[in-house]
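Listed here are the chains, written in short residue letters.
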Amino acid sequence: MEMTNSRRRMSRSEREGYNSRTPLIQGFHAAMAIHFFCFAILIHVAVAAGVQHSSIESVPELERAMYITVDGTPCVRLLNLSGEIGCANPGRVKVTAPIKQLENAGEHLDQPLALLLPSHEMEAVFNRILNEPGFAQQVAGLFIEYGIGSQIHASGFSPDKTFPQAEFAPYENKTYLWNPVVAKLNKQQNFKYPVNMAEFDLVMQTTKLGTHTSESCLKEESCLPLGGYSVWSSLPPINVSSSLPKKPIIMAVAAMDSASFFRDKTPGADSPLSGMIALLAAVDALSHIDGMSEFTKQLVFLVVTGEAWGYLGSRRFLAELTSGADSVNGLSSALIDQVVEIGSVGKAMTEGVPTFFAHTQQVGHHPQESDSTQAIAKALERAAASFGSEVIKVERASTSNPGIPPSSLMSFLNKDPSTPGIVLEDFNTTFKNSFYHSHLDDSQNVNSSSITAAASLVSRTLYILANNGSGSNTILQSINVNESLVEELVGCLLSCKPGLSCRLVKELITPTQICANHYVGVMLGTPSSSPYPSSIDDTAQFIWNFLAERTSIPREDSYPCSQDCKNSGELCVGLRIDQKGECMLSTTRYVPAYSTRLAYESDSWKVISAQPNDTMGKFDPVWTESFWKTLEVRVYMQQNPFFDEIILLSGLAVTLGSFIAIFSTKAVFMKALKNA
């Protein structure tokens with residue numbers, strides 16, 4: 001197998017064009033405490049053998065005949081303020097080792113091997129590596145099967161902590177068991193290691209330069225910070241130049257990024273993409289209502305990224321609000337009246353009835369809720385009742401919970417503990433998702449009917465809240481979610497068939513890949529409210545265009561665009577490489593999402609101290625991702641060393657025989673000459 005990628009240490013000017021979605025790259029989740037120097041790669045079980053040729057007439061044909069191509073995604077080096085995790089060669093040279101299936105390798109390895117193992121053996125093998133130094137020293141790399149024929153434990157697999165990102169929780173109980181299905185891969189260990197032969201060339205720039213923390217690698221420019229771009233939009237659009245008093249804001253929040261043991265295999269279907277899809281479908285349903293300008297309150301939809309890596313998106317959004325940045329022009333933190341977050345909602349079906357749980361912040365066993373928080377709960381109950389008996393159920397989460405589950409609402413509460421808010425989830429006391437932050441949390445792990453029900457509930461709830469708890473029952477009953485849209489969004493964003501090549505996506509953007517991957521990526525270039533398209537991943541671009549189109553004010557005099565629009569407040573929506581966009585009146589913005597402990601100055605990043613009012617910044621690990629010069633894995637056939645010895649002995653025998661023959665022939669010839 002041969003995989004090649006290039007990501008050398010870039011100059012400052014070159015970073016503008018760097019692609020954060022570089023294929024065939026993976027990473028470990030932030031909560032993973034294993035620090036691997038090995039090479040681990042997730043491969044599809046189906047292997048395409050090299051092309052057979054009756055004759056080889058060129059070097060490329062020779063290469064195709066020698067090497068086997070395997071579809072896989074390796075992991076790379078990630079760093080934080082205290083150290084590093086992820087994958088890389090241990091030094092500056094390639095690592096070569098024979099490949100052997102785990103079941104055929106035996107209990108004790110007598111030489112360094114690249115092990116091929118099925119997915120369900122991952123946890124056991126990593127635990128052996130953690131606990132058996134002798135075994136660890138003989139593991140040169142890992143190939144993990146994934147796809148048809150691979151077996152997964154029915155109990156689930158989640159390479160995260162029992163309380164993900166507990167350090168950011170706005171309450172004291174940091175040991176609560178939110179995630180009951182945890183792979184035991186979070187011990188604080190550090191390992192120095194990264195028939196068929198595997199040749200690993202995964203040398204990280206941070207390894208070569210000896211920069212083993214985020215602060216040192218940013219100084220040497222051998223890494224980039226994790227981050228990307230969040231998106232917010234308002235319904236109806238906000239007239240920033242209006243002199244009329246601003247309306248209170250109802251903030252509907254969802255996340256677009258997840259994490260995984262394997263960086264570029266990060267589907268995040270239930271956690272959190274099911275909530276994001278529900279929010280998009282709810283926006284579509286609300287966009288068909290007339291008279292939105294008469295709402296008592298302003299609806300604002302926020303889709304954040306970087307939440308799996310220290311709540312980067314929500315924290316940066318609030319920081320932008322505080323500083324009055326251009327990216328949040330028209331918004332104010334003082335105007336945020338209520339927050340409704342849509343979390344994991346893809347597994348809510350219980351005996352055929354979708355059941356959702358409203359989580360609120362509380363103290364001890366006695367909920368301490370403001371009137372505004374109670375109003376959100378009542379709006380959810382009224383919205384559920386509007387569908388009729390037992391169609392959609394909403395329950396209050398158990399008071400035995402210490403507070404809200406891991407969610408973006410934590411950022412709002414850490415910023416202002418009095419913020420009224422509710423997190424809507426498909427679970428009560430513990431996660432239902434058995435594959436939380438795993439490469440197995442894919443489209444098969446969610447139910448589109450559950451997501452549709454969540455979107456229906458959210459859309460009617462937001463309508464009630466926007467009308468200050470009242471609103472017309474006739475209009476309320478008319479708000480219906482397009483189930484076909486939900487199914488299409490699931491197919492576009494959570495699978496590779498059709499993936500980002502689906503009609504819905506291609507009508508709005510030109511995707512750079514087929515399979516959507518929901519790893520946050522890295523920050524490219526200068527953070528901006530108007531970033532270059534090359535700095536924004538496909539998912540964020542699609543969400544921006546989708547929200548801009550759905551929240552725009554219909555106009556008869558719209559006109560095509562290839563860049564910016566000429567009128568104030570207009571956006572060029574649906575612009576693609578081969579087709580112009582259309583100017584629409586919409587308030588939709590990109591917001592940079594990166595650590596509040598970072599500053600971009602003089603074309604470079606540097607770590608700064610946490611601000612006094614940045615409570616979460618004190619615990620921010622500040623994640624970065626290493627550069628690399630080459631990323632290459634080659635698998636090739638090598639005959640048994642016994643045959644090499646036979647060939648060597650045969651060669652020696654032929655050489656000796658030839659020498660004897662020549663000597664004998666010469667002697668006979670000389671004797672014949674003398675006799676003549």
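Residues numbered from 1 in each chain as written. Predicted model: local features only at pLDDT ≥ 70, side-chain atom pairs only at ≥ 80, totals over all residues. Heavy atoms only, no water.

A. Structural view of the overall build of the protein. Counting its secondary structure elements, the protein contains 16 helices and 28 strands. The buried share of the protein, reckoned over its 676 residues, is 57%. Looking at the protein as shown, the accessible area adds up to about 28,400 Å², and 53% of this sits on carbon and sulfur atoms. (Helix = DSSP H or I, 4+ residues; strand = E, 2+ residues; numbered from the N terminus. Buried < 20%, exposed > 50% of the residue type's maximum accessible area, 1.4 Å probe, protein only. Areas by Shrake-Rupley, 256 points an atom, 1.4 Å probe, with all protein chains shown as cover.)

B. Structural context of the nonpolar core. Membership of the largest hydrophobic core comes to 107 residues, with the highest contact counts inside it found for M276, W309 and F542. Formed by 35 residues, the second largest nonpolar core is a distinct cluster that contains W232, M251, V328 and L409. (Core = buried A, V, L, I, M, F, W, Y, C linked by side-chain atoms within 4.5 Å.)

C. Just the state of the cysteines, in detail. Under the defined criterion, the tally for this structure stands at 5 disulfides. Two residues share a disulfide in this structure: C496 and C515, whose sulfurs sit 1.9 Å from each other. Between C496 and C515 the disulfide shows an S-S torsion of about 130°. By sign, it is right-handed. Placement of C496 in the loop between α13 (483-494) and α14 (503-506) and of C515 in the loop between α14 and α15 (538-550) is noted, with a sequence separation of 19 residues between them. Judged by relative accessible area, which is 35%, C496 ranks as partly exposed. Across the disulfide from C565 sits C583; the S-S distance is 2.0 Å. The sign of the S-S torsion, about -105°, decides the handedness of the disulfide formed by C565 and C583: left-handed. Of this pair, C565 sits in the loop between β21 (560-561) and β22 (570-573) while C583 sits in strand β23 (residues 581-585); the two residues are 18 residues apart in sequence, bridging distant segments of the chain. The class of C565 is buried, set by a relative accessible area of 15%. For C583, a relative accessible area of 2% gives the class buried. (Disulfide = S-S within 2.5 Å.)

D. Structural detail: the packing of aromatic side chains. The full count for this structure, using the stated rule, is 17 aromatic pairs. On the numbers, 6.2 Å between centres and 75° between planes, the contact of Y229 with Y590 is edge-to-face. Of this pair, Y229 sits in strand β13 (residues 228-235) while Y590 sits in strand β24 (residues 588-593), placing them 361 residues apart in sequence. There is no split in this pair, since Y229 and Y590 are both buried. Each ring, one from W309 and one from Y519, has its centre 5.9 Å from the other, and the planes form 90°; the classification is edge-to-face. Pair noted here: W309 is in the loop between β15 (298-304) and α8 (312-323) and Y519 is in the loop between α14 and α15, with a separation of 210 residues, a long-range link. Accessibility assignment for this pair places W309 and Y519 in one class, buried. Taken together, the ring pairs in this structure connect Y176, W178, F427, F431 and Y436 into an aromatic cluster. Lying across the ring of Y594, R316 places its NZ or CZ 4.0 Å from the centre. (Phe/Tyr/Trp six-rings, centres within 6.5 Å; stacked < 30°, edge-to-face > 60°. Lys NZ or Arg CZ within 6 Å of the ring centre and 35° of its normal.)

E. How the structure looks around helix α3 (residues 122-131). Counting buried residues along α3, 7 of its 10 residues qualify, which places the element largely inside the surrounding structure. Among the residues of α3, M122, V125, F126, N127, R128, I129 and L130 are the ones counted as buried.

F. A look at the pairing of β13. Counting buried positions along β13 gives 8 out of 8 residues, so the element sits mostly inside the fold. Both β13 and β24 contribute to a ladder of 6 bridges, which runs antiparallel. Paired with G228 across the two strands is A593, which belongs to β24. Relative to β15, β13 runs antiparallel, the two being bridged by 5 bridges. Paired with V231 across the bridge in β15 is V303. (Pairing = 2+ DSSP bridges.)

G. Here's a closer look at the pattern of salt bridges. For the coordinates displayed, the defined rule picks out 12 salt bridges. For E395, the salt bridge is made with K393, and the minimal N-O distance between the two is 4.0 Å. Given a relative accessible area of 32%, E395 falls into the partly exposed group. On the basis of relative accessibility, which here comes to 28%, the residue K393 falls in the partly exposed class. Here the residues in one salt-bridge network are R263, D264 and E625, joined through shared partners. (Salt bridge = Lys/Arg side-chain N within 4 Å of Asp/Glu carboxyl O.)

H. The side chain of E307, seen in detail. Relative to the helices and strands, E307 is located in the loop between β15 and α8. A distance of 2.6 Å separates polar atoms of two side chains, one belonging to E307 and the other to S408. Residue contacts for E307: discarding those within four places in its chain leaves Q165, A255, D257, L312, G313, S314 and S408. (Polar contact = N/O pair within 3.5 Å; in protein donor to acceptor, adjacent residues only side chain to side chain. Contact = heavy atoms within 4.5 Å.)

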